[in-house]
Structures are given as C-alpha cells and as structure tokens.
Amino acid sequence: MSITGFFNKQILSGILRCQHNQQIATLKHFAPPIDYSNVEMPDRPKLRFVDKVPILPANLRAPKMQKKLKFMRGPELVHHEFLHKQYGIVATGGGRLRWGHFEMMRLGIGRKMDISRMFAIWRVEAPWQPITKKGQGQRMGGGKGAIDHYVTPVKSGRVILEMAGKCEFAEVKPILETVCHKLPFKAMVVSHEMLQEMKAESERLQRENLNPYDFKYIIQNNLGGCHRWLSPVDHKWFGKYH
C-alpha cells in the first residue's frame, strides 16, 4: 500500500469513528489526590455555643460603655489570616455581631456540615460590648439608660469563622454562603489561596499606580480646600474605611 493510500485509510477510519460515536481508548491524566495527612480533627467539630451575656463575678455590677465606633472602623491588623489555611468567612466592612447572629451561624452550619470529616471554629469573641437603651416614651435626661444587649464589634478584614478538614472549597462554599449574606455587614466566603491572591493584587495595584493624584495626595495637600468638609476618619484612612 502506498503512503497516500495509508493516510486516506486513517482519515476514513477517523471519520467513521466520529459518525458512529465509537469509544476510543486514550491515556487519561487525573490530578493527584489532595493530601489530608496534616489535618487533625478536634474532639468537638461543630461551633461551640456562645453566651448571650458575659459572665461577671457576683459582686461586680455590669459596666456600661460609650459607643466606641473606633472598634468598627479601619482595617483588622491581627485576626486577618486563617489558622488552618483552608476556608472561612471574612468581613469586608465594619459592623456589630449580636447573639442572634452567632446562633444563626452556629445552627446553619451545624445542620449542613459533615462532622465526620469537617470542623468549624470561631474567630471572634462572644458578645462583650454593652449597648444601652431607654424605654419607649421616656423624656430626655435621667442618666444613661439600662443595658439592652451585648455585641461584638468587627473591623474590615476580620476572619469571622473558619471551616477546615478533609474537604474542598466547592463543598464548603454553599454551606458558608447560606449564613454569609445574613450578617449585618458585608462579608465574603474565601479560601486561603483567594485571600493571598487578593492581598497580592492590592499590593500590585498600589505599587504599579502611575497616577500621583490619588485620594491620599488630595487630602494631604488640601486640594480644593477639602479639609473644610473632611472628617478625621478620612485624614486617617484616606477614604478607604468609613
């Protein structure tokens, strides 16, 4: 058989296979399985119950506090990384968590997670900051009102909770998203790799910025007399956090 006849026969056989949907054995390339040998499962995989009111000594009266909005403003500088290097919920804005939000996350995640190979931990404290409120219809004055409830202030970038174990992001993300959009501030479900990529992208944009007239330059040089209407928070965070 000539070379031309051989190639024609090969092309004809290929066309017939495509038309008749014949299966052809080929070499498959599968990704290697994920190594979970370094994962240590805790004794209690579910989120623990948090107290609605902080426990104080019997001889101590519950103290009252001011609003302290600085506890919610600005970036989180301490609890902004994952301990288990896997998945979790990260706040993208400031706010306050009440006891009902803790229960919503605890019950919503505990019902759907597989405790045989997953576990979750809190990364925020139980409600500790007192919020006072006066009864309806009272006149002004008469001193500070009584304590109504307690909250946990959260800054932007704070890790709210973590989920880890022998699991992948595709199966953890739907569980965390069911409670993420119910929080009183903006938050997102991320993995450890996504968190590192976001920080690297932010540093790259700041490093490669060619426009010198950014908002920081405008505030520092009082362009247009902006100091007349800017707040002290703008002078500190340059419009990034409110």
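Predicted model only: the values in this text are computed from it and were never measured.

Colleague: Looking at this structure, how should I read the sheet that holds strand 4 (residues 129–133)?
Modeller: Pairing between the strands of a sheet comes from backbone hydrogen bonds, and it takes one of two forms, parallel or antiparallel. Overall, antiparallel pairing links the 3 strands, which are arranged 2-5-4 in an open sheet. In this open sheet, the two strands that pair with only one neighbour each are strand 2 (95–97) and strand 4. Neighbouring strand axes in the sheet, compared pairwise and without regard to direction, differ in orientation by 55° on average. Two elements, strand 2 and strand 5 (residues 146–154), share 3 bridges in a ladder whose sense is antiparallel. Bridging across to strand 5, Gly-95 finds its partner in Val-154.

Colleague: Even after reading the chapter, I still don't get a positive patch on the surface, so can you show me in this structure?
Modeller: On the surface, Arg-61, Lys-64, Lys-67 and Lys-144 cluster together to form a positively charged patch. Since its relative accessible area comes to 41%, Lys-64 is described here as partly exposed.

Colleague: I keep staring at the side chain of His-101 and nothing clicks. Help me out?
Modeller: Note on placement: His-101 falls in helix 2 (residues 99–112). Setting aside residues no more than four positions away along its own chain, His-101 makes contact with Arg-96, Lys-182 and Pro-184.

Colleague: Sorry if this is basic, but what is going on with the pairing of strand 3 (residues 118–122) here?
Modeller: Along any regular strand, the residues point their side chains to alternate faces of the sheet. Across the 5 residues of strand 3, 4 count as buried, placing the element largely inside the fold. Here 5 bridges tie strand 3 to strand 6 (residues 159–165), and the two strands are oriented antiparallel to one another. From the neighbouring strand, Ala-120 faces strand 6, where its bridge partner is Met-163.

Colleague: It is not clear to me how the environment of Arg-44 should be interpreted in this structure. Could you clarify?
Modeller: Considering the arrangement of structural elements, one finds Arg-44 in the loop between helix 1 (3–20) and strand 1 (87–91). In this structure, the C-alpha to C-alpha distance between Arg-44 and Phe-119, residues 75 residues apart in sequence, is 7.8 Å.

Colleague: Looking at this model, I keep getting lost on the packing of aromatic side chains. Mind explaining?
Modeller: Aromatic ring pairs are described here by two measures, namely the spacing of the ring centres and the angle between the planes. A complete count under the given rule lists 6 aromatic pairs for this structure. Here Phe-49 and Trp-99 contribute two aromatic rings whose centre-to-centre distance is 6.2 Å and whose plane-to-plane angle is 75°, an arrangement assigned as edge-to-face. Highlighted residues: Phe-49 in the loop between helix 1 and strand 1 and Trp-99 in helix 2, separated in sequence by 50 residues. Using a relative accessible area of 43% as the deciding quantity, one classes Phe-49 as partly exposed. Summarising the aromatic geometry, the rings of Tyr-213 and Tyr-217 are spaced 5.2 Å apart at their centres and angled 85° between planes, so their arrangement reads as edge-to-face. Classification of Tyr-217 as partly exposed rests on a relative accessible area of 32%.

Colleague: Teacher, can you tell me more about unusual backbone geometry here?
Modeller: For residues other than glycine, phi is negative in most cases, and the peptide bonds are mostly trans. Positive phi, normally seen in glycine, also occurs at Lys-68, with a value near 55°. Along the chain, the position of Lys-68 falls in the loop between helix 1 and strand 1. Within the chain, Asn-222 stands out as a residue other than glycine whose phi angle is a positive 55°. Residue position: Asn-222 is located in the loop between helix 5 (215–220) and helix 6 (232–237). The class for Asn-222 is partly exposed, based on a relative accessible area of 33%.

The rules we used
Residues take numbers from 1 onward in each chain, read along the sequence in its written order. With pLDDT at 70 or above as the cut-off, local features in this predicted model cover only qualifying residues; side-chain atom pairs require 80 or more to be listed or tallied, and sums for whole chains, interfaces and linings still use all residues. The side-chain numbers reported here are obtained from all heavy atoms of the structure, hydrogens and water having been left aside. Strands pair, by our definition, only if DSSP identifies at least two bridges between them. Strands here are runs of E lasting at least two residues and helices are runs of H or I lasting at least four, both read from the DSSP assignment and numbered beginning at the N terminus. Every axis corresponds to a line fitted to the C-alpha atoms, with the helix fit spanning only the stretch in contact, and the corresponding angles, defined between N-to-C directions, vary from 0 to 180 degrees. Only residues whose relative accessible area exceeds 30% and that take part in no salt bridge are eligible for patches, with like-charged residues grouped when within 9 Å of each other and nonpolar side chains (Val, Leu, Ile, Met, Phe, Trp, Tyr) grouped when within 5 Å. Note on areas: these come from Shrake-Rupley sampling with a 1.4 Å probe, and a residue is covered only by the protein chains present in the view. Salt bridges are counted wherever a side-chain nitrogen of Lys or Arg sits within 4 Å of a carboxyl oxygen of Asp or Glu. Counting rule for charge: Lys and Arg are taken as positive, Asp and Glu as negative, and neither His nor the chain ends is counted. For charged residues, the charge sits on one atom: NZ in Lys, CZ in Arg, CG in Asp, CD in Glu. Burial classes follow relative accessibility: with a 1.4 Å probe on protein chains only, a residue under 20% of its type's maximum area counts as buried, one over 50% as exposed, and anything between as partly exposed. Whether two residues are in contact is decided by their heavy atoms: any pair within 4.5 Å suffices. The rule is short: rings of Phe, Tyr and Trp, with Trp giving its six-membered ring, pair when the centres are within 6.5 Å, and they are stacked under 30 degrees, edge-to-face over 60, tilted in between.

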